[in-house]
Every structure is written in C-alpha cells, then in structure tokens.
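# Reading the structure
Residues per chain are reported as follows:
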Amino acid sequence: MFRTPLHQGLPRTASAAAHLRLFVLVGVVTVLVTRAFLALTGYPKLGGGAANGGLHISHMLWGGLLMLAGLLVMLVRAGAASRRRGAVLGGVGFGLFIDEVGKLVATDGYFYRPAPGIIYLSFVMLTGFAQWVARRAHKDRREAPGALRAADAAETALHGVLGGLTAQERCEALRRLCGTEGPPTALDTALAALIEAVPERPAPPPAPHHEALARARVRASELMAQLTRTRGLVHLVAWGTTLQAVVLLVAVTAEGVTGGLDGETPWPAVTGALVCSLATLALSLRGTARLLSDRDAALRTLRAALLVDLVVGQVFKFTINQFSGVSDWLISVALLCLLCRCSAGPTDRQVPSPQAVESAATTLRATTRQAV
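Residues numbered from 1 in each chain as written. Predicted model: local features only at pLDDT ≥ 70, side-chain atom pairs only at ≥ 80, totals over all residues. Heavy atoms only, no water.

Following the criterion strictly, the structure yields one cavity of 30 Å³ or more and no others. Approximately 50 Å³ is the volume attributed to the largest cavity. Taken together, Thr 241, Gln 244, Ala 245, Ser 277, Thr 280, Leu 306, Asp 309, Lys 317 and Ser 332 make up the lining of the largest cavity. Of all the secondary structure elements, the ones that give two or more residues to the lining of the largest cavity are α10 (233-258), α11 (267-289) and α12 (295-321). When grouped by side-chain class, the residues that make up the lining of the largest cavity number two nonpolar, five polar and two charged. (1 Å grid on protein atoms, 1.4 Å probe; cavity = no way out; pocket = protein on both sides within 12 Å on 5 of 7 lines; lining within 4 Å. Points joined across faces, edges and corners; volume = space filled by probe spheres on them. Helix = DSSP H or I, 4+ residues; strand = E, 2+ residues; numbered from the N terminus. Nonpolar A, V, L, I, M, F, W, Y, C, P; charged D, E, K, R; others polar.)

Right, dumping it as structure tokens:
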C-alpha cells in the first residue's frame with residue numbers, strides 16, 4: 001500500500017486550523033450576542049411558554065438545526081469555501097446549543113450558576129484542539145513540504161474543475177505548487193497541467209466590506225507593530241498580569257471581611273479562583289523580576305501566568321461572576337496577544353523570494369507544456 005510521511009490516521013486539510021478557529025470565534029460571539037439579547041428583552045419564550053400551554057421552542061433546537069446545516073454544506077459541496085461556510089453555520093449552531101447547557105445538566109435550567117464556566121471550558125477545549133491541529137500542520141510542513149504543496153494545489157485544481165479559476169487563483173496555485181529545491185516532480189507536472197487546463201472565469205468585483213476589512217487588517221497590523229516597538233511594553237504587560245491577580249485577591253478578601261460572601265456563594269469556584277490567582281501572581285512576579293536578567297525566560301514565565309488564568313482561572317471566574325466576567329477575560333486575552341507579539345522573533349524558516357518562486361513557476365509551466 002502506498003504511504004506518505006503524513007499517512008498517519010485521517011489526512012487533514014491545509015486550512016483545518018483556520019476553520020476550527022473560525023468555528024470557535026463564531027461560537028463565542030453567538031453565545032455573547034444571545035445572552036445580551038435575552039437579557040435586554042427580558043428572556044422571552046418563543047411559543048409563549050407557560051401562558052400558551054407550556055409550549056417553548058428552545059434556541060438549542062435552532063442550534064442543532066444550524067449544526068446540521070453546516071455539516072450538510074461540507075458533505076455536499078466541495079472546496080475550502082464550503083468548509084468556511086460550514087464552520088460559520090456550525091459555530092452559530094454550537095453557540096446556540098452550548099448556551100443552554102444548564103438545561104441539560106441541572107434542574108435549575110438556563111440560569112444554572114456553573115453554566116457560564118462550563119460554556120467557557122468547552123470553548124477552551126476547542127481552542128486547545130485547534131492549536132494542536134495547527135502544530136501538527138506545522139510539523140507536517142517540515143517533514144513533507146512537497147506533499148502538502150501538492151495537496152493544496154490538488155484542492156485548488158478540484159475547485160477549478162468544478163467552477164473555473166481566476167487568473168490570480170491560477171497563478172497563486174502554481175506558486176504554491178512550486179518548490180525552490182530541486183526540479184519539479186512528475187506529480188508537480190501533472191498537477192500543473194491540470195491547473196493550466198481548467199477553464200478560466202472572470203474575477204468578481206471586490207466587495208466593499210472586503211476592502212474595508214483588508215484596510216482594517218493592515219491598520220491593525222501596523223498598530224500592533226508600533227505597540228511592540230514601544231519601550232516598556234513588556235513591563236506594562238507584566239504589571240497588568242500582576243494587577244489582575246491582586247485585584248481578585250483583594251476583592252475576595254474585602255467581600256469576606258464585609259460579609260458580602262453569603263450562603264449562596266459557590267465556595268468551590270471561589271477556592272479555585274483564589275488558587276489560580278495565587279499561581280498567576282507568583283508566576284507574574286517571578287517573570288517581572290527576571291525581565292532584566294533573562295528576557296526570554298521572563299516572557300515564558302509571564303505567558304505561563306496568563307495561560308493559568310485563561311485556561312483554568314477564568315472557568316471559576318465565570319462561575320462566580322457569570323457573564324459579567326467577560327471584561328476580565330478580554331483583558332487577559334489582550335495581555336496574552338501583546339506578550340506573544342513581544343516574544344515573537346525572527347524564524348529560522350527560509351522564505352523563498354518572489355523572484356525565486358516566479359522562476360520556479362516558469363520552469364514548471366515549461367515542463368508542463370513539454371509533457372503535454
């Protein structure tokens with residue numbers, strides 16, 4: 001049986017990690033929008049609820065239907081665009097479904113107090129899975145870059161056979177197929193011939209929102225680059241991480257002294273949040289102290305402090321504060337993003353120049369014409 005270096009279980013698509021992240025992002029936004037809408041409208045019941053014979057159409061049902069729709073789109077339609085649409089539909093559906101997890105695990109129903117923590121934990125697990133897929137894809141590209149380039153080109157060719165390719169898509173597919181090391185293989189030549197042979201379709205006019213998003217993305221990248229060049233940004237992130245942990249410890253202590261912790265306080269969640277805050281505080285102080293002597297080790301320690309808060313601590317915080325803890329979560333995410341940008345350095349991966357890629361594409365075209 002023919003086996004490739006990547007023949008380990010089911011093969012993954014090149015855009016798997018991106019689609020998983022899109023699924024998670026859409027799901028998170030759906031939960032937040034749903035909770036905000038229901039809170040603003042007084043938690044209406046579709047169907048009338050008890051006033052109409054007990055009929056209540058839960059939005060969990062719509063979530064299941066949307067997840068089914070996303071699955072059907074990916075099963076019926078081919079190409080990355082279908083997987084992207086399926087990720088959006090599935091993300092909305094999963095968000096509507098998981099938002100009502102309280103009804104599935106407790107008699108308290110929708111307002112089950114640990115439900116926000118359970119919802120958050122589910123998205124943490126999905127994010128971890130997406131990160132694992134991304135790391136596996138990075139490893140696969142190191143072990144068998146030619147096979148992955150060929151797989152990407154084959155997927156583009158399939159899309160072209162079904163719906164045609166624009167001139168830009170054809171050029172990009174040939175560039176992805178080209179390698180700068182060694183002559184093109186027989187598989188490269190065959191795929192290039194297929195890409196050249198598929199019909200061409202006119203490029204659609206750019207949508208206004210696409211242009212706006214592109215400009216916003218460029219502006220955000222420039223702003224982030226300016227922030228990372230700011231002197232003292234790492235110290236700001238370090239002290240921000242420390243301050244977050246201190247605020248929680250002070251708040252819980254003050255509530256205990258003033259009697260604000262009543263009998264309904266979820267003590268297991270409070271205990272878990274305190275333990276995580278102490279761990280975050282210890283790591284952040286250690287990282288801050290090492291900034292002057294060993295910057296790389298300090299950044300790793302600060303990253304560990306934020307991950308302790310985001311992966312574990314926020315589960316308890318959402319259980320305690322419910323969805324009012326979103327602001328604290330956003331601050332932690334922003335601090336982690338800034339820290340990752342500060343710690344990002346030059347990579348060892350050699351990126352081929354545009355001239356080398358274009359030369360390889362020209363060679364591949366010539367080889368294809370000779371083969372035909």
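From this point, things continue past the structure.
According to the stated counting rule, one finds six salt bridges in the structure shown. In this structure, Asp 99 and Arg 35 form a salt bridge, with 2.6 Å as the shortest nitrogen-oxygen distance. One end of the pair, Asp 99, is in the loop between α3 (80-98) and α4 (101-105); the other, Arg 35, is in helix α1 (residues 16-41), with 64 residues separating them in the sequence. For Asp 99, a relative accessible area of 0% translates into the label buried. (Salt bridge = Lys/Arg side-chain N within 4 Å of Asp/Glu carboxyl O. Buried < 20%, exposed > 50% of the residue type's maximum accessible area, 1.4 Å probe, protein only.)

This part takes up the environment of Val 101. If you trace the backbone, Val 101 turns up in helix α4. A relative accessible area of 8% places Val 101 in the buried class. Excluding anything up to four places from it in sequence, Val 101 contacts Ala 115, Ile 118 and Ile 119. (Contact = heavy atoms within 4.5 Å.)

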